[in-house]
Amino acid sequence: MTKGGTLLVIGRNNRNKKSRGIASLIEKLNEAGVPVRFYESKTTATGALLEERFQMLMHRISFSCEKDYFLSKLARRMIKAALLLCYPNRWAYYFYRAQERHHTSTRELIGFIRKLEDKNITLLTHSAGGIAGSRVEHLEKVNGHICFGYPFKHPLNREEPRRTRHLEHVKKPFLIVQGNQDEYGSKKSTSCYTLSPAITLRPIDATHDYEDIPAAEFEALFIDIQAFLGQRRQLG
């Protein structure tokens, strides 16, 4: 167990949509002495495993789904479903994947946190990971939460209360870093939601992907997050 506490990173559901900006910030925090752990749900891990096995199979038979029109998206899914038969303990993959379409499974995340030895955890989430993170902040081990790009509203959908209605009840310090060009909600557009006094909205010049954060903004954000983590360690 680490004395200063651990930063538990919960990313986007799509593991292929990683942010260089957030990754660089996490790396710098780790170099500054902040212990970091990465959470990956069993559903996401199973998806990665099936994709790896699928690519290996296609390579062995010298087949490319990009070049052959009949290897459609449906066919790709059918092949992966057949590969899944080799892993009985993962047969519920498609069921849970449907549940995790919009956010990480809260139940699975709670189980993961409860098994950690560290008693002092700060969550660092991105996008959909922020929904699950804000729903497990009641756990005794969790003493704070930092979210990049909280998905207040999907740009193509109507308002979905499941994303925001619980935010007025958050009790532990919650720092939301929200891009001014974030299509899921900028600081200005999120003013219509009722947020707990424990939530701080920190605007930044970025989109929802937080890829190219200006150097000066990056350094200022790094300092702010360090200060936030320092306060959480004192509480822990």
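A.B. asks: Looking at this structure, I do not really get the pattern of salt bridges. What am I missing?
C.D. replies: Oppositely charged side chains can form a pair if their charged atoms are brought close together. Under the counting rule described, the total for this entry stands at 7 salt bridges. Across the salt bridge formed by Arg 202 and Glu 217, the nearest N and O atoms sit 3.2 Å from each other. Taken together, the positions of Arg 202 in strand β6 (residues 199–204) and Glu 217 in helix α8 (residues 215–235) put the pair 15 residues apart, joining distant regions of the chain. With relative accessibility at 14%, the residue Arg 202 sits in the buried group. Two residues, Asp 224 and Arg 202, come together in a salt bridge whose shortest N-O distance is 2.9 Å. Taken together, the residues Asp 224 in helix α8 and Arg 202 in strand β6 connect sequence positions 22 residues apart.

A.B. asks: How do you make sense of the nonpolar core when you look at a structure like this?
C.D. replies: Grouped together as the largest cluster of nonpolar side chains are 22 residues, with contacts concentrated most on Leu 25, Leu 29, Leu 124, Ile 146, Phe 148 and Ile 225. The greatest single-element share of this core, amounting to 6 residues, is contributed by α8. Contacts of Phe 148, omitting those with residues within four sequence positions, involve Ile 22, Leu 25, Leu 124, Thr 125, His 126, Ser 127, Val 177, Tyr 210, Leu 221 and Ile 225. Residues Leu 109, Ile 110, Leu 123 and Val 136 belong to the second largest nonpolar core, which totals 13 residues.

A.B. asks: How should helix α5 (residues 106–115) be read in this particular structure?
C.D. replies: In an α-helix there are 3.6 residues to a turn, and that puts residues three or four apart on one side. Thr 106, Leu 109, Ile 110 and Ile 113 are the residues of α5 that are buried. Across the axial projection of α5, the buried residues extend over an arc of 100°, all falling on one side. Facing away from the buried side of α5 by over 90 degrees, the exposed positions are Arg 107 and Lys 115. Elements that come into contact with the buried residues of α5 comprise β1 (6–10), β2 (36–39), β3 (121–126), α6 (129–135) and β4 (142–148).

A.B. asks: Hey, could you run me through the packing of aromatic side chains in this one?
C.D. replies: One pass over the full model with this rule turns up 5 aromatic pairs. On the numbers, 6.4 Å between centres and 75° between planes, the contact of Tyr 150 with Phe 174 is edge-to-face. With Tyr 150 in the loop between β4 and α7 (161–164) and Phe 174 in strand β5 (residues 174–179), this residue pair connects regions lying 24 residues apart in the sequence. One aromatic cluster is present, built from ring pairs that chain together Tyr 150, Phe 152, Phe 174 and Tyr 193. Positioned above the aromatic ring of Phe 222 is the side chain of Lys 28, whose terminal nitrogen or guanidinium carbon lies 4.5 Å from the ring centre. Sitting over the ring of Phe 54, Lys 80 keeps its end group 5.8 Å from the ring centre.

Parameters and conventions
- All residue numbers refer to positions counted from 1 along the written sequence of the respective chain.
- Whole-chain, interface and lining totals are the exception, using all residues; otherwise, since this is a predicted model, local features are given only for residues with pLDDT of at least 70 and side-chain atom pairs are given and counted only at 80 or more.
- With hydrogens and water stripped out, all remaining heavy atoms of the structure feed into the side-chain values.
- By definition, a salt bridge exists where a carboxyl oxygen of Asp or Glu is found within 4 Å of a side-chain nitrogen of Lys or Arg.
- What counts as a helix is a DSSP run of H or I of at least four residues, what counts as a strand is a run of E of at least two, and both are numbered from the N terminus.
- Throughout this description, buried means an accessible area under 20% of the type-specific maximum (1.4 Å probe, protein chains only), exposed means over 50%, and partly exposed covers the range between.
- Take the buried Ala, Val, Leu, Ile, Met, Phe, Trp, Tyr and Cys residues and link them wherever side-chain atoms come within 4.5 Å; each set so joined is a nonpolar core.
- Contact definition: two residues touch when any of their heavy atoms are within 4.5 Å.
- Here, the arc refers to the directions that run from the helix axis to the C-beta atoms.
- Two aromatic rings, drawn from Phe, Tyr or Trp (for Trp, its six-membered ring), form a pair once their centres lie within 6.5 Å of each other, and the interplanar angle then sorts them: stacked below 30 degrees, edge-to-face above 60, tilted otherwise.
- Cation placement over rings: the criterion is NZ of Lys or CZ of Arg within 6 Å of the ring centroid and within 35° of the ring normal.

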